[in-house]
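An overview of the molecular structure
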Amino acid sequence: MKKIIWSLATVTAIIAAASCEKETVVEIEKEVIVVDTVTTETEVQTTITVSDDITTDVTWTADKIVTLDGRVFVTEGATLTIEPGTIIKANAGSGVNASVLIVTRGSKIEAVGTATAPIIFTSSADNIELGETAGTNLDQNDRGLWGGLIILGNAPASFDGDAESAQIEGVPTDTDGDKGLYGGSDSADDSGTLQYISIRHGGALIGEGNEINGLTLGAVGTGTTVDNIEVVGNVDDGVEFFGGSVNATNLFVWAQGDDGLDIDQAYSGTIDNAVVIQGGISDHALEIDGPEGSLQGGFTLTNATLIGLTDNVENGEIADYRSNAQGTTNNILVTNFTGVGTDLQLSDIELDNEGVAANYTAGSLVFTNWEIVLPEGVTASSEVFNDTTDSTTFEADATTFSSAVTEGTIGADTSAFSWTYANTKASLGF
């Protein structure tokens, strides 16, 4: 469309001339320009799937559910950072197909949750959604739906034959090579931070009689922070320490299939404030083993509450000290353990071989401040302590283990666990 520009004087002259002849009507057409508004909708991605090894620094954010598919290793000195409130769902699988997160030696995990926004590891079958701390379709009896969390370090561990390192259980050498190695000489080794972590429904089978623990700590050093950890409904152990020197605080295990807290290979750190609540198929609340090689070392477990389950009549033992166990258990409250087996044999605290009995006699295995809430029909706590070798004063000494106890002062500070899934699910009153 051409534009013609007239001056005001020219327009006036034309109109004047036209008016001498006849009346002229001038119609002015207006040009209307219509602008179409286009609305573009962008779909927000709320899930990511991780199936490959993590070889560079990566952050998992709380605005996306992470799906763990298969064995995922953090390697090459990389750091995996996980934001508070992040939900990690792991796919089902067994054997070499089990979904597991493994932090290898020299790499780190910085998983720092909070009491109001814990980091949650669970099964893909869990209907938990973003922003939630619990789903509704699974409970503590749903086990073995994925693998677990494994942290490997360079701290010392005592291995058979005095090897400096070994392959962690749950990681096959034929497919993963040396990525599953743990052990070394650095007691202060730093594998990162685990705080306010809830691990649920794991323990997938990887071989005949071999399942993955909820949290496995292999030769993890004192530079690592392990604080406020919950494991619920795992097929194997809740938390297992294979050597290392890491200190751990506020550990909570509920309804494990095997042992609540398991110590092996001269673990020499301190576990402070722990609760184990047995489930219907649980074995020992505590299973304690010692060094396997010449490297010696003893743990400290202090301020723990061990709670049995009345209708667990096939297993449900209190504690088993085995194979050269060394260390100190102090300030332990035991309650609600009745009996095991069809004849309801009394659940006990056991020295189960000559090696551990000798350590007790030598003073490298120490018991102080135990309080036993006795089951019906049992009149003395000494009946709960059992030296299977009958070679020590362990059973006779049992009365002194609680001689300095003031009722109500023994055991864990359970208020530390008010944030847990178990406290919400089972209304524990913490």
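Our subject is the structure listed above.
So, a few notes on the structure that sits alongside this text. These numbers come from a predicted model, not from an experiment.

Parameters and conventions
Residues numbered from 1 in each chain as written. Predicted model: local features only at pLDDT ≥ 70, side-chain atom pairs only at ≥ 80, totals over all residues. Heavy atoms only, no water. Phe/Tyr/Trp six-rings, centres within 6.5 Å; stacked < 30°, edge-to-face > 60°. Helix = DSSP H or I, 4+ residues; strand = E, 2+ residues; numbered from the N terminus. Buried < 20%, exposed > 50% of the residue type's maximum accessible area, 1.4 Å probe, protein only. Lys NZ or Arg CZ within 6 Å of the ring centre and 35° of its normal. Core = buried A, V, L, I, M, F, W, Y, C linked by side-chain atoms within 4.5 Å. Contact = heavy atoms within 4.5 Å. Salt bridge = Lys/Arg side-chain N within 4 Å of Asp/Glu carboxyl O.

Details of the packing of aromatic side chains
The full count for this structure, using the stated rule, is 17 aromatic pairs. On the basis of an interplanar angle of 55° and a centroid distance of 5.3 Å, the ring pair of Phe 252 and Phe 417 is categorised as tilted. Here the residue Phe 252 occupies a position in strand E19 (residues 248-254), and Phe 417 occupies one in the loop between helix H4 (394-401) and helix H5 (421-426), the gap between them amounting to 165 residues. In terms of burial, Phe 252 and Phe 417 fall into one category: buried. Among the aromatic residues, those joined into a ring-pair cluster are Tyr 321, Tyr 360, Phe 367, Trp 370, Phe 385, Phe 394 and Phe 401. The ring of Phe 73 carries the charged tip of Lys 179 above its face, separated from the ring centre by 4.2 Å.

Points about the nonpolar core
Membership of the largest hydrophobic core comes to 69 residues, with the highest contact counts inside it found for Tyr 321 and Ile 349. Among all residues touching Tyr 321, those that are not within four sequence positions of it are Leu 286, Ile 288, Phe 299, Thr 329, Ile 349, Glu 350, Leu 351, Asp 352, Val 356, Leu 365, Phe 367 and Trp 370. Residues Ile 150, Ala 157, Phe 159 and Val 171 belong to the second largest nonpolar core, which totals 15 residues.

Points about the pattern of salt bridges
A side chain with one charge can pair with a side chain of the opposite charge if their charged atoms come near. A full pass over the atoms with the stated rule returns five salt bridges. Put simply, Lys 108 and Asp 190 hold a salt bridge, and the shortest N to O gap is 3.3 Å. Separated by 82 residues along the polypeptide, Lys 108 in strand E8 (residues 108-112) and Asp 190 in the loop between strand E12 (181-182) and strand E13 (192-200) bring together distant segments of the chain. Relative accessible area serves as the criterion here: at 29%, Lys 108 is assigned to the partly exposed category. On the basis of relative accessible area, Asp 190 is assigned to the partly exposed category, the value being 30%. One continuous salt-bridge network, built from bridges that share partners, spans Glu 287, Asp 289 and Arg 322.

Note that every value here comes from positions in space, so none of it alone points to a role or purpose.
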